[in-house]
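Survey of secondary and tertiary structure
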Protein chains: 2
Amino acid sequence: MYKENNLSKNQQIIFDLINKSSEPLKAYTILFSVQKKGIKAPPQVYRALDKLVETGKIHKIESKNAFVACRSSNCEISKATAFSICESCEMVDEISDTKLSKYLSGFNHKKGMKFKRFNLEFFGICKKCKKD
Amino acid sequence: MYKENNLSKNQQIIFDLINKSSEPLKAYTILFSVQKKGIKAPPQVYRALDKLVETGKIHKIESKNAFVACRSSNCEISKATAFSICESCEMVDEISDTKLSKYLSGFNHKKGMKFKRFNLEFFGICKKCKKD
DNA sequence: TTACATAGTGTTATATTATAACAAATTTAA
DNA sequence: TTAAATTTGTTATAATATAACACTATGTAA
Ligand SMILES: [Zn+2]
Ligand SMILES: [Zn+2]
Ligand SMILES: [Zn+2]
Ligand SMILES: [Zn+2]
């Protein structure tokens, strides 16, 4: 059963929910939404989320404690993630910009630390909210 | 009393603690540390933290829910913050790199959204941890 | 097939992080 | 000196996340 798509039952349920969502979902919103499918307790949700993040199917928006499905191909297994976040409507959009991704992946710390991964969050007011 | 340095009593106590710390401090660690100074409840800590973040004296490390004092001059009032984070020892270092800061401040989203602010977190293993 | 290791599940309890709401005191500015 | 704005103190509670344990399902290899 797991072989078909390498996601377990709970992982698939939770991924589907996040993937269909147009906005970031929080863990307890997810929990509430999947209770009818038999997922009843926080650890079930957090374990699935952890795995999905680990495998790069979803990303955590750290400034919001919320999760979005990966929409990019630049961020292989979440090593190079960038998002634009509207401070008014809370919309989150994954940024797929090869130049940006390369620039940051190649960035070297003056103090010699070698980076394996980065996460970048941009904040502003989206076009839609500016009209209002 | 507030005029001298524009920090209130609680704000100053909490800023001093964070500023002296060599590692990011969490809200409840701070709360515990300042109880002898009369700060007894979470809201007192969170209010001071909010204000200090707002005025750019400290930054929140989103991936760790922890706070560090600002060590940079590139990040005026926290509009352009970047950190290097060791995944082994949890050390956090604020990155002051004018080029990086300019590059990201000038980054324009393809979808036309204008950014006011960004936060970047790099992850890796620091030099000290690599030796071990 | 059996046996083993790895990964996933269900469950209860609890830890950690953060805010709501309200009353009082302090500071600032008109 | 009065009124607004900010800060403080306090209690309670909301929201986010993990520990620990017993059990089940799956993949691998003798
Ligand atoms: Zn992605
Ligand atoms: Zn918006
Ligand atoms: Zn700074
Ligand atoms: Zn380290």
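Residues numbered from 1 in each chain as written. Chains lettered and ligands numbered in written order. Predicted model: local features only at pLDDT ≥ 70, side-chain atom pairs only at ≥ 80, totals over all residues. Heavy atoms only, no water.

1. Section: the interface of chain B and chain A
In this assembly, 36 residues from chain B lie in contact with 36 residues from chain A. Of the roughly 3,300 Å² buried between chain B and chain A, counting both surfaces, carbon and sulfur atoms make up 59%. When the buried area of chain B at its contact with chain A is split by residue, Met113(B), Phe122(B) and Phe123(B) rank highest and sum to 19% of it. If you look at where chain B meets chain A, you find eight salt bridges. The partner of Glu87(B) in a salt bridge is Arg117(A), with the nearest N and O atoms 3.3 Å apart. Summed over the shared surface of chain B and chain A, the result is 14 residue pairs in polar contact (both at pLDDT 80 or more). Elements represented by at least two residues in the side of chain B that touches chain A include exactly β3 (80-86), α4 (98-105), β5 (114-125) and α5 (127-131) of chain B. (Contact = heavy atoms within 4.5 Å. Buried area = accessible area lost by both parts, 1.4 Å probe. Salt bridge = Lys/Arg side-chain N within 4 Å of Asp/Glu carboxyl O. Polar contact = N/O pair within 3.5 Å; in protein donor to acceptor, adjacent residues only side chain to side chain. Helix = DSSP H or I, 4+ residues; strand = E, 2+ residues; numbered from the N terminus.)

2. Structural notes on the coordination of the zinc ion (ligand 2)
Around a metal, the idealised angle for a tetrahedral arrangement of four donor atoms is 109.5 degrees; for an octahedral arrangement of six donor atoms it is 90 or 180 degrees. All names here are of chain A. Taken together, the protein donors to the zinc ion (ligand 2) comprise Cys-86 (SG), Cys-89 (SG), Cys-126 (SG) and Cys-129 (SG), at separations of 2.2 to 2.3 Å. Around the zinc ion (ligand 2) sit four donor atoms, and with donor-metal-donor angles ranging over 107 to 112° the site reads as tetrahedral. Along the chain, the residues that donate to the zinc ion (ligand 2) are spaced as C-x2-C-x36-C-x2-C. With Cys-86 in strand β3 (residues 80-86) and Cys-126 in the loop between β5 (114-125) and α5 (127-131), this pair connects stretches of sequence that are 40 residues apart. Using a relative accessible area of 0% as the deciding quantity, one classes Cys-86 as buried. (Donors = N, O, S within 2.8 Å, 3.2 Å for Na, K, Ca; no water. Tetrahedral: all angles 85-135°; square planar, octahedral: opposite > 155°, others 65-115°. Buried < 20%, exposed > 50% of the residue type's maximum accessible area, 1.4 Å probe, protein only.)

3. Points about helix α4 (residues 98-105) of chain A
Buried within α4(A) are the following residues: Leu100(A), Ser101(A) and Leu104(A). The arc that holds every buried residue of α4(A), seen down its axis, measures 100°, which confines them to one face. Of the exposed residues in α4(A), those oriented more than 90 degrees away from the buried face are Lys99(A) and Lys102(A). Elements in contact with the buried residues of α4(A): β3 and β5 of chain A together with α4 and β5 of chain B. Capping of α4(A) at its N-terminal end is provided by Asp97(A); its side-chain oxygen lies 3.2 Å from the backbone amide nitrogen of Lys99(A). (Arc of directions from axis to C-beta.)

4. Thoughts on the packing of aromatic side chains
For the structure on display, the rule yields eleven aromatic pairs over all chains. With 6.4 Å between their ring centres and 5° between their planes, Phe107(A) and Phe115(A) make a pair best called stacked. Phe115(A) shares its class with Phe107(A); the two are buried. With 4.3 Å between their ring centres and 15° between their planes, Phe122(A) and Phe115(B) make a pair best called stacked. Residue Phe122(A) is located in strand β5, and its partner Phe115(B) is located in strand β5; the two belong to separate chains. (Phe/Tyr/Trp six-rings, centres within 6.5 Å; stacked < 30°, edge-to-face > 60°.)

5. Some points on the packing of helix α1 (residues 9-20) of chain A against helix α2 (residues 27-34) of chain A
All names here are of chain A. Look at α1 against α2: their axes get within 11 Å of each other, and the N-to-C directions meet at 115°. Our classification of the angle between α1 and α2 gives roughly perpendicular. Our pair here, α1 against α2, has a crossing hand that is right-handed. Note on element contacts: α2 touches α1 through Ile-30, Ser-33 and Val-34, opposite Ile-13, Ile-14, Leu-17 and Ile-18. A breakdown of the residues in the contact of α1 with α2 according to their chemical character gives six nonpolar, one polar and no charged. (Axes fitted to C-alpha atoms, helices over the stretch in contact; angles between N-to-C directions. Parallel < 35°, antiparallel > 145°, perpendicular 65-115°, else oblique. Left-handed = near helix turned anticlockwise from the far one by under 90°. Nonpolar A, V, L, I, M, F, W, Y, C, P; charged D, E, K, R; others polar.)

6. Focus on the protein's contact with DNA strand D
In the neighbourhood of DNA strand D, 22 residues make up the surrounding shell, with Lys26(A), Tyr28(A), Lys60(A), Gln44(B) and Arg47(B) lying closest. Counting only the atoms of DNA strand D within 4 Å of the protein, the fraction contributed by sugar and phosphate is 52%. Lys60(A) places a side-chain nitrogen or oxygen 2.8 Å from a phosphate oxygen of DNA strand D. Within the side chain of Arg47(B), a nitrogen or oxygen atom sits 2.6 Å from a base nitrogen of DNA strand D. Among the secondary structure elements, those contributing two or more residues to the surface near DNA strand D are α3 (42-54) of chain A together with α1 (9-20) and α3 (42-54) of chain B. For the surface near DNA strand D, the per-class residue count stands at nine nonpolar, five polar and eight charged. (Near = heavy atom within 4 Å.)

7. Topic: the coordination of the zinc ion (ligand 4)
Residues and elements named next belong to chain B. For the zinc ion (ligand 4), the full set of protein donor atoms is Cys-86 (SG), Cys-89 (SG), Cys-126 (SG) and Cys-129 (SG), at a range of 2.3 Å. Between the four donor atoms coordinating the zinc ion (ligand 4), the angles at the centre fall across 107 to 112°, so the site counts as tetrahedral. Read in sequence order, the donor residues for the zinc ion (ligand 4) give the motif C-x2-C-x36-C-x2-C.

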